[in-house]
Amino acid sequence: MALYLIGDVQGCDSALQRLLDEISFSASRDTLYMLGDLVNRGPESAAVLRRLMAYGGSAQSVLGNHDLHLLAVAYGARKPHRKDTLTGILDAPDRQAMLDWLRWQRMAILENIDGHEVLMIHAGVLPSWTATKTIALASEVESILRSPALGDFLQQMYGDEPNFWSETLTGTARLRVIVNALTRLRFCDADGWMDFVSKEGAGATPPGYWPWFDAPNRQTAGVTVAFGHWSTLGWINRPEVLSLDTGCVWGGCLSALRVGGAKTSVTLRQELIQVKCEQAQKPG
């Protein structure tokens, strides 16, 4: 059995097929953990969802900002963007099955792999959140996504405020901060105030801020955190930080990281596998 973490696919099913062929993936034997942004910008979003749905429990995913955008457009809470490529899902006869499958995916996943805790998210976690706290907060959003309150929540989900975490937050404000951290975060300050303006790499960190994974006193520093979302950051491999969005939709690579399989290892065993992707869209 092999476990793979896979970065942002963004509707590039042909690249995903090549990657799965490269790793000789078998749904009866292996498990895929997708790090969000399964859909949009690429040409084959419906094919990506249908493929993963067919794998059953062998494919699990956290939700990214583009996946939530699809739900918001589908439920009338958001207008499509000019660069969206979601009509193949929205006009499909199995549209509802794909949307329902998305609704039952996770906002964060925590697994123990060969004695190593691995926290999987799409974007980031705030400095004050432990891995256990992150899973608890993620479950608050997951409960709404799977409930009849979904439509109302999607209407209120968007916005940059509040841009900090407080245990006193309730209702929409609380859920919005959780969603923004897990699906949009790149930079924050030492107290967890989030910046949503800069989308560049770590070399363009705004004054007074840090890439979220370098924030002082980060409470998830004791676990391995795997994430996507940040294509301008690219592949990063540190003992406790794995960045796996390598810009497939922009003509970069689609990356899979095989993890585990060495139970006596002090560090988590890893093997990076990548395939080159055709450019589906240009940045900007």
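Counting restarts for each chain: residues are numbered from 1 in the order of the written sequence. Two thresholds apply to this predicted model, a pLDDT of at least 70 for residue-level local features and 80 or more for giving and counting side-chain atom pairs, whereas whole-chain, interface and lining totals are computed over all residues. Side-chain numbers here rest on the full set of heavy atoms in the structure, without hydrogens or water.

(A) Representation of the sheet that holds strand β9 (residues 224-227). If you trace the five strands from one edge of the open sheet to the other, you get β4-β5-β9-β11-β10, paired in mixed fashion. The open sheet is flanked by β4 (109-113) and β10 (236-238), the only strands paired with a single partner. Across the sheet, the mean angle separating the axes of adjacent strands is 20° when strand polarity is ignored. The criterion for strand pairing is that DSSP finds at least two bridges linking the strands in question. Runs of E in the DSSP output that reach at least two residues are strands. Runs of H or I that reach at least four are helices, and both are numbered from the N terminus. As paired strands, β9 and strand β11 (residues 241-243) are joined by three bridges and run parallel to one another. Throughout, an axis means a line fitted to C-alpha atoms (over the contacting stretch in the case of helices), and angles, computed between N-to-C directions, take values from 0 to 180 degrees.

(B) The pattern of salt bridges, seen in detail. By convention in these notes, a salt bridge is any Lys or Arg side-chain nitrogen within 4 Å of a carboxyl oxygen on Asp or Glu. For the structure on display, the rule yields 11 salt bridges. With a closest N to O distance of 2.7 Å, Asp94 and Arg50 form a salt bridge. With Asp94 in the loop between α4 (87-90) and α5 (95-103) and Arg50 in helix α2 (residues 45-54), the pair connects residues that are 44 residues apart, well separated along the chain. We call a residue buried when its accessible area falls under 20% of the maximum for its residue type, exposed when it is over 50%, and partly exposed in between, using a 1.4 Å probe and counting protein chains only. Judged by relative accessible area, which is 25%, Asp94 ranks as partly exposed.

(C) Seen up close, α5. All buried positions along α5 are accounted for by Met98, Leu99, Trp101, Leu102 and Arg103. Those residues of α5 that are buried lie in contact with α2, β3 (59-61), α3 (65-74), α4, α6 (131-145) and α7 (150-156). Whether two residues are in contact is decided by their heavy atoms, any of which lying within 4.5 Å being enough.

(D) Region of the structure containing α2. Those residues of α2 that fall on the buried side of the exposure criterion are Ser45, Ala46, Val48, Leu49, Arg51 and Leu52. After α2 finishes, the residue Gly56 shows a positive phi value of roughly 60°.

(E) Up close: the packing of α6 against helix α8 (residues 171-184). Between α6 and α8, whose axes approach to 10 Å, the crossing angle comes to 115°. Classified by the angle between their axes, α6 and α8 sit roughly perpendicular to one another. Crossing of α6 against α8: the hand is left-handed. Residues Thr134, Leu137, Ala138, Glu140, Val141 and Ile144 of α6 lie in contact with α8, whose contacting residues are Arg174, Leu175, Ile178, Val179 and Leu182. Here is the rule for angles: anything less than 35 degrees is roughly parallel, anything more than 145 is roughly antiparallel, 65 through 115 is roughly perpendicular, and the remaining ranges are oblique. Working rule for handedness: look at the near helix, and if it is turned counterclockwise from the far one by less than a right angle, call the crossing left-handed; if clockwise, right-handed.

(F) Representation of the sheet that holds strand β8 (residues 210-211). Spatially, the three strands line up as an open sheet ordered β7-β6-β8, and their pairing is antiparallel. Of all strands in the sheet, those bounded by a partner on one side alone are β7 (194-195) and β8. As judged from the two bridges shared by strand β6 (residues 187-188) and β8, these two strands associate in the antiparallel manner. Along β8, the bridge assignment pairs Phe187 with Pro211.

(G) Summary view of the environment of Asp195. Along the polypeptide, Asp195 turns up in strand β7. By relative accessible area, Asp195 is classed as buried at 13%. For the pair Asp195 and Arg184, spaced 11 residues apart in sequence, the C-alpha separation works out to 9.6 Å. Apart from residues no more than four positions distant in its own chain, Asp195 is found in contact with Phe187, Pro206 and Tyr209. Pairs of N or O atoms are called polar contacts if they sit within 3.5 Å, as long as, within protein, a hydrogen donor faces a hydrogen acceptor (for residues adjacent in sequence, only side-chain-to-side-chain pairs). Polar contacts involving the side chain of Asp195 include one to the main-chain amide nitrogen of Val197, which spans 3.3 Å. Polar contacts involving the side chain of Asp195 include one to the main-chain amide nitrogen of Ser198, which spans 3.2 Å.

(H) Spatial organisation of the state of the cysteines. Disulfides are defined as pairs of cysteine sulfur atoms found within 2.5 Å of each other. Counted according to the given criterion, the structure contains one disulfide. The disulfide partner of Cys248 is Cys277, and the S-S distance across this bridge is 2.4 Å. When the S-S torsion is -105°, as for the bridge of Cys248 with Cys277, the disulfide is left-handed. Separated by 29 residues along the polypeptide, Cys248 in the loop between β11 and β12 (253-259) and Cys277 in the segment after β13 (270-276) bring together distant segments of the chain. Both residues of the pair, Cys248 and Cys277, belong to the buried class. Of the cysteine sulfurs around Cys12, a residue in no disulfide, the closest is that of Cys248, at 3.9 Å. Overall, the relative accessible area of 5% leaves Cys12 in the buried class.

(I) Structural context of the side chain of Thr220. Within the secondary structure, Thr220 sits in the loop between β8 and β9. Sequence-distant contacts of Thr220, defined by excluding residues within four places in its chain, comprise Leu119, Val125, Trp129, Thr130, Ala131, Thr134 and Val225.

(J) How the structure looks around the pairing of strand β2 (residues 31-34). Here β2 shows a buried face lined by Thr31 and Tyr33 and a second buried face lined by Leu32 and Met34. Two strands pair when backbone bridges link them, and strand β1 (residues 3-6) and β2 are joined in this way by four bridges, in the parallel orientation. Bridging from a neighbouring strand, Ile6 pairs with Met34 of β2. Consider the strands pointing away from the viewer: the crossover is right-handed when the path from the first strand over the helix to the second runs clockwise. On the question of chirality, the crossover connecting β1 to the parallel β2 by way of helix α1 (residues 13-22) is right-handed. In the sheet, β2 pairs with β3 via three bridges, with the strands oriented parallel. Bridging from a neighbouring strand, Leu32 pairs with Ala59 of β3.

Without other data, these values stay purely geometric and don't point to any function.
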